[in-house]
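Structural overview for review
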Amino acid sequence: FHREGFETIVTRHDGHFPLLIEALPEGMVAPTGTPLVQVRNTDPDFFWLPTFIETALLRAVWYPSTVATVSHGARQIIAASLERTCDAPDDVLPFRLHDFGARGATSLEQAGIGGVAHLVSFMGTDTVSALVYARRFYHEQMAGFSIPAAEHSTMTSWGEDRETEAYRNMLTQFAGPGKLVAVVSDSYDLYRAVKTIWGEELKAEVEASGGTLVVRPDSGDATRVPVDTVQMLGEIFGFSVRLILGRLEDKGWSAENIAFGMGAGLLQKVNRDTLRFAMKANARLDDDGQWHGINKNPKTDPGKASKRYRQAVVS
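Here's what I pulled together on the structure shown here. (Residues numbered from 1 in each chain as written. Predicted model: local features only at pLDDT ≥ 70, side-chain atom pairs only at ≥ 80, totals over all residues. Heavy atoms only, no water.)

Counting its secondary structure elements, the chain contains 13 helices and eight strands. What you see for the chain is a C-alpha radius of gyration of 26 Å, clearly larger than the 20 Å of a compact globule of 315 residues, by over 25%. Principal-axis analysis of the C-alpha atoms gives the chain an extent of 85 × 40 × 35 Å. By residue count, 35% of the 315 residues in the chain fall in the buried class. Across the chain, the fraction of contacts at a sequence separation of at least 24, relative to all contacts at a separation of at least 6, is 62%. (Helix = DSSP H or I, 4+ residues; strand = E, 2+ residues; numbered from the N terminus. Rg over C-alpha atoms; globule rule 2.2 N^0.38 Å. Buried < 20%, exposed > 50% of the residue type's maximum accessible area, 1.4 Å probe, protein only. Contact = heavy atoms within 4.5 Å.)

If you want it as structure tokens, here you go:
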């Protein structure tokens, strides 16, 4: 512990770190490779301070920035399809990617931080700590929303032989004019559930509810099973044909008919190297008041070369 240095900070600077921190505005979309934060010590006796805060500062920046970037990228992809295929894309887009990642995160704090980052681009979330963090740190009273939704235990506890009753219970409890209810339907056989239970046994009740039923396929090939589900539901309940991207485009479906959810893949399946976040020394001031650029440039990995000299970002 560098007691002498920290005692000098207390006596000379009243306990405040003599650092100048410059950063892009929070939430700004910046190209890859753009410096986001720059730190400079303002007292030459504390040349060691920028490195001392590196761990805390870098950790505070890379994780939420990475989650926000993943979420923003998904928003761009979904938005492009909705623009081509949906009558009211602006109304639909905010709820097209739902955050289910809290249980896949390492801690309550991580879920809160990552969950707030997702809410920059979307409004659908089951990560309650994200709502708490948004209220605590951004004074946002209600940053996200969810809907009544089944999960597997609320289906399987009825038993496979009473699967129809399990689904009917969700309609009875939550369906109604203008309401949404999501029912996970792959606990046993998704294709049977869609064709037989939703398509025959409960079809009239779904149509009479006046609300929106979300049938959730939760397993299998993610590029095939959701499209199959949309196709089957369309044949059962009727549809109008439009043109969209990817596999749904081949079937003639609008992106408005599908919503996405991400769990640990959104909040946990990222690390500092996902977007290659790093904090490096890039300039030093000599005794004559001249700045000199410094950087690393390993021949074995040119991708790890760092920037030289003091930086500025100009829009």
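There's more to say after this.
A few words now on helix α6 (residues 128-138). Regarding α6, the residues found buried are Ser-129, Ala-130, Leu-131, Tyr-133 and Ala-134. Structurally, α6 contributes buried residues whose contacts are with α5 (108-118). At the exit of α6 stands His-139, carrying a positive phi of roughly 55°.

With a phi angle near 55°, Asp-14 is a residue other than glycine that sits in the positive phi range. Within the fold, Asp-14 resides in the loop between α1 (3-13) and β1 (19-23). Even without glycine at this site, Arg-276 takes up a positive phi of about 55°. If you trace the backbone, Arg-276 turns up in the loop between α13 (264-267) and β7 (283-285).

Turning our attention to the side chain of Ser-129. Here Ser-129 shows up in helix α6. Note on Ser-129: relative accessible area 9%, which makes it buried. The residues touching Ser-129, leaving out its near neighbours within four places in the chain, are Leu-108, Ala-111 and Gly-112.

On to the pattern of salt bridges, then. Where charged atoms from two side chains of opposite charge approach closely, those side chains can pair. Within this structure, the stated rule accounts for nine salt bridges. Arg-192 is paired through a salt bridge with Glu-160; the nearest N and O atoms lie 3.5 Å apart. On the criterion of sequence distance, the pair formed by Arg-192 in helix α9 (residues 190-201) and Glu-160 in the loop between α7 (152-156) and α8 (163-174) is long-range, its members being 32 residues apart. Exposure remark for Arg-192: the relative accessible area of 31% places this residue in the partly exposed category. Residues Arg-216 and Asp-218 are paired through a salt bridge, measuring 3.2 Å at the closest nitrogen-oxygen approach. Salt bridges sharing partners connect three or more residues here, namely Arg-12, Asp-43 and Asp-45. (Salt bridge = Lys/Arg side-chain N within 4 Å of Asp/Glu carboxyl O.)

Right, let's get into a positive patch on the surface. Together, Arg-272, Arg-276, Lys-280, Lys-296 and Lys-304 line one region of the surface with positive charge. Within the element layout of this structure, Lys-280 appears in the loop between α13 and β7. The partly exposed category is assigned to Lys-280, whose relative accessible area is 45%. (Patch = residues over 30% accessible without salt bridge, like charges linked within 9 Å, V, L, I, M, F, W, Y side chains within 5 Å. Areas by Shrake-Rupley, 256 points an atom, 1.4 Å probe, with all protein chains shown as cover. Lys, Arg positive; Asp, Glu negative; His and termini not counted. Charge placed at Lys NZ, Arg CZ, Asp CG, Glu CD.)

By size, the foremost hydrophobic cluster in this structure holds 22 residues, and its most contacted members are Met-155, Tyr-167, Val-183, Val-194, Trp-198 and Leu-213. If one sorts the elements of this core by residue count, α9 sits on top with five residues. When near neighbours in sequence (up to four residues on either side) are disregarded, Met-155 contacts Ala-150, Ala-166, Tyr-167, Met-170, Val-183, Val-184, Ser-187 and Tyr-188. In this structure, Trp-62, Tyr-63, Val-67 and Phe-277 belong to the second largest nonpolar core, which totals 10 residues. (Core = buried A, V, L, I, M, F, W, Y, C linked by side-chain atoms within 4.5 Å.)

Between α5 and α6, whose axes approach to 7 Å, the crossing angle comes to 75°. Classified by the interaxial angle, the pair formed by α5 and α6 is roughly perpendicular. For the pair α5 and α6, contact is made by Leu-108, Glu-109, Ala-111, Gly-112, Ile-113, Gly-115 and Val-116 and by Ser-129, Ala-130, Tyr-133, Ala-134 and Tyr-138, respectively. Considering only residue class, the contact of α5 with α6 consists of eight nonpolar, three polar and one charged. (Axes fitted to C-alpha atoms, helices over the stretch in contact; angles between N-to-C directions. Parallel < 35°, antiparallel > 145°, perpendicular 65-115°, else oblique. Nonpolar A, V, L, I, M, F, W, Y, C, P; charged D, E, K, R; others polar.)

Turning our attention to the environment of Val-39. Along the chain, the position of Val-39 falls in strand β2 (residues 37-41). Judged by its relative accessible area of 18%, Val-39 falls in the buried class. Along the sequence, Val-39 and Leu-57 sit 18 residues apart, while their C-alpha atoms lie 9.8 Å from each other. In this view, Val-39 contacts Leu-19, Leu-20, Ile-21, Pro-50, Ile-53, Leu-57 and Met-279; residues no more than four positions away in its chain are not counted.

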